[in-house]
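# Architecture at a glance
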Amino acid sequence: MNLVPQVATAEISDADLDSISGGQAGVGAAANPGLGVHAEAGDIGVTAGLGASVSPEGLSAVGGLAVAQY
């Protein structure tokens, strides 16, 4: 039995990074379901997310908040 946590990752191109830098904000949703928000103002970036998952073992929920100064 593999107990290592599995994390889904995605590639993002330099062009996509350029389009979101400098004060853009966005909202995304995942099929798990989950919700994430990222916003920037000046040299401060704030990212928050919530997620939930239901399996035969039960309900799992997670939340996170990150603040970065550039």
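Before reading further, recall that the structure is shown in the block above.
Residues numbered from 1 in each chain as written. Predicted model: local features only at pLDDT ≥ 70, side-chain atom pairs only at ≥ 80, totals over all residues. Heavy atoms only, no water.

With that settled, consider the overall build of the chain. The helix and strand inventory of the chain stands at one helix and four strands. The N-to-C order of helical and strand elements in the chain reads α-β-β-β-β. By residue count, 6% of the 70 residues in the chain fall in the buried class. Residue pairs in contact within the chain that sit at least 24 positions apart in sequence constitute 13% of those at least 6 positions apart. Element-wise, carbon and sulfur atoms account for 61% of the exposed surface of the chain, whose accessible area totals about 5,800 Å². (Helix = DSSP H or I, 4+ residues; strand = E, 2+ residues; numbered from the N terminus. Buried < 20%, exposed > 50% of the residue type's maximum accessible area, 1.4 Å probe, protein only. Contact = heavy atoms within 4.5 Å. Areas by Shrake-Rupley, 256 points an atom, 1.4 Å probe, with all protein chains shown as cover.)

On to the pairing of strand S3 (residues 44-55). Alignment of strand S2 (residues 34-41) against S3, held across eight bridges, turns out to be antiparallel. Its bridge partner being in S3, Gly34 is matched across the sheet by Gly51. Bridge count for S3 against strand S4 (residues 58-69) is 12 bridges, and the pairing is antiparallel. Considered in S4, the bridge of Ser55 is made with Gly58. Hairpin connection of S3 to S4: two residues between the antiparallel strands. (Pairing = 2+ DSSP bridges.)

Glancing now at the environment of Thr47. Take Thr47: it is sitting in strand S3. Sequence-wise, Thr47 and Ala66 are 19 residues apart; in three dimensions their C-alpha atoms are separated by 5.1 Å. Sequence-distant contacts of Thr47, that is, excluding residues within four places in its chain, are made with Val37, His38, Gly64, Leu65 and Ala66. A distance of 2.5 Å separates a polar atom in the side chain of Thr47 from a polar atom in the side chain of His38. (Polar contact = N/O pair within 3.5 Å; in protein donor to acceptor, adjacent residues only side chain to side chain.)

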